[in-house]
Each structure stands twice: as C-alpha cells, then as structure tokens.
Amino acid sequence: MSCFLPCMLGWNADRRRPAAAAYAVMKGSSTVVEAMPETGNGRDDEARAENVYQLVLEGIVTGKYAQGGRLRERELSEIYSVSRIPVREAIQRLEQDGFVETFPRRGAVVRQLTLTDVNELFDIRLCLETFAARMAATRVAEGSDGGRLEELMEASNAAIDEGRTEDVAVISAELHAEIVRLSGNRLLIESVKPLFGRMRWIFGLTHNRSNELQRDEHTELCNAILRGKPDLAYSLAYSHIELGREPVLSGLAETLEP
C-alpha cells in the first residue's frame, strides 16, 4: 500500500507524535525520519529506545535494512548517537513485533518474510480492518468527525493523478490507519500498530495492482464510512482486502519462500 509518517510505525490513536518518537521531516514529497540526538535534557532510555525503534523499523520497511541482514548494536548506536542500551531494547521490541529474529552467535537479523507471512497478514486484516470499517461507519453515523478520512482520500487521489507512486503507498497506509482510529476502539488501535508496519513492508516489495483500481476501491469504502453505512463499509473493506491478496502473492512468489 506514502506525505506523512503516522507511523505505521509509531502512529497513535489521537495522532499526536509521542514524546519519544523520531523526528519526521518533510523533504519535497517524501518524509524522512531523522535521529533524535541526546541533548542532555533528561530524556530517559525508554524515550531513546522508542526513537531507535522508529528509525530501525523505517529502515526495515523501506529496504534500507535488507531481509536477513544483521543489525549490530554497536553500528546502530553510532548511527543514531545513542548508547547500546536503547538499541538493545529497540531490537527486542522489533523481535516481539515480528520484524527481527535473534540467533546464537549471530545476533539480531532482519526477518526473512515468507509467503505464509503474507497470507497470514491478509487473514488478520480481514478480521480486524473489516471490523474497524464497520465501527468507523457506525461512529460517523452517530456524529463522529470523518474529516481526516476525507482529506486522506482526496490526498490519495491527487497523488495517483499526479503519478507520485511513493506518496500513494504512504497515504494509502495512513488512510487504512485512519479508519482504525475512527473506529474508536483503543485496544484495536494499539493492536494494529505492528500490523501496519508489516503492510508497508510487504506492499513495498511488490506492486501488482493498478493505483487507479485501488483508488476506486478506497473511494467506495471511504464514502460508505462517511455516509454512516456500517454493513456496506464492512463488505467493501472485505472485498478490497481480499482482492489485493492474489496479486501480492503472485508478485512475491519468485522472491519469497513458502
């Protein structure tokens, strides 16, 4: 599924950047995550670990850190100007979220994705995102503001019309994240954070569906939510996710193991 960093990464329910998040700097049409330097103003290790987590995760989903590549604590601590403690904590969290694996004598490496991982991602999306779409439409019907979702839909359409492929991917991911936020379910919002990181990672590896087709599906889905139609929103979310499964699997069949 690119003018923001929500993050799929450290995106949170009220869209405020957490104090520990990495800096997101706009450069042209792209968003660049930059290291948060230690300035001696009392930031604790937890804050620095969150910052490193965001930076390394961004590196993984964009391909800067390749699958199977080692993540060395010393190198990362030098790159991000922090001690090895927050780096170690960030790597442990990345392992918990399914982006990193650790091995004896080899240390931490970026996880090798498989086709099974991709299939499981789509299965979970069918469960969670369809529920989120239904709840988002219900809440809009009850008076919740869907203005941010409408803005993202328009931004996505503009990026497609202007051929800004990289921005299309990020905005699309933010649009899906906004639907979850609009559901109002805090447990769901927290639970899908690693899921959206996986989505960016996988969709960055293949692009087998036309942007125009996805635009049409997004427009129908968003309009159903904005018009407060829960059942229609559920059905459209389900079809949108399921229709994307086979093209993604086909596009990755020659590069990923089963």
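Residues numbered from 1 in each chain as written. Predicted model: local features only at pLDDT ≥ 70, side-chain atom pairs only at ≥ 80, totals over all residues. Heavy atoms only, no water.

As recorded in an unreviewed UniProt entry, the protein goes by DNA-binding GntR family transcriptional regulator and comes from Paenarthrobacter histidinolovorans.

Turning next to the nonpolar core. As a rule of thumb, soluble globular proteins bury nonpolar side chains together. Formed by 64 residues in total, the largest nonpolar core has its most connected members in V56, L71, F99, I179 and I225. When residues of this core are assigned to their parent elements, the largest contribution, 10 residues, is made by helix α4 (residues 115-141). Not counting the four nearest positions on each side in its chain, I179 is found in contact with A132, A133, A136, L149, L221 and I225. (Core = buried A, V, L, I, M, F, W, Y, C linked by side-chain atoms within 4.5 Å. Buried < 20%, exposed > 50% of the residue type's maximum accessible area, 1.4 Å probe, protein only. Helix = DSSP H or I, 4+ residues; strand = E, 2+ residues; numbered from the N terminus. Contact = heavy atoms within 4.5 Å.)

So, on to helix α6 (residues 165-183). A rise of 1.5 Å per residue sets the reference length of α6, with its 19 residues, at 27 Å; its end C-alpha atoms lie 28 Å apart and thus fit the reference within 8%. Counting buried positions along α6 gives 16 out of 19 residues, so the element sits mostly inside the fold. G184 lies just past α6 and shows a positive phi near 80 degrees. (Expected span 1.5 Å × (residues − 1).)

Attention now moves to helix α9 (residues 211-226). Counted at 1.5 Å a residue, the expected span for α9 with its 16 residues is 22 Å, and the 22 Å between its end C-alpha atoms agrees. Listed in full, the buried residues belonging to α9 are N211, Q214, R215, E217, H218, L221, C222, A224 and I225. In this structure, the buried residues of α9 make contact with α4, α5 (147-161), α6 and α10 (230-252). G228 occupies a position one or two residues after α9 and carries a positive phi of about 70 degrees.

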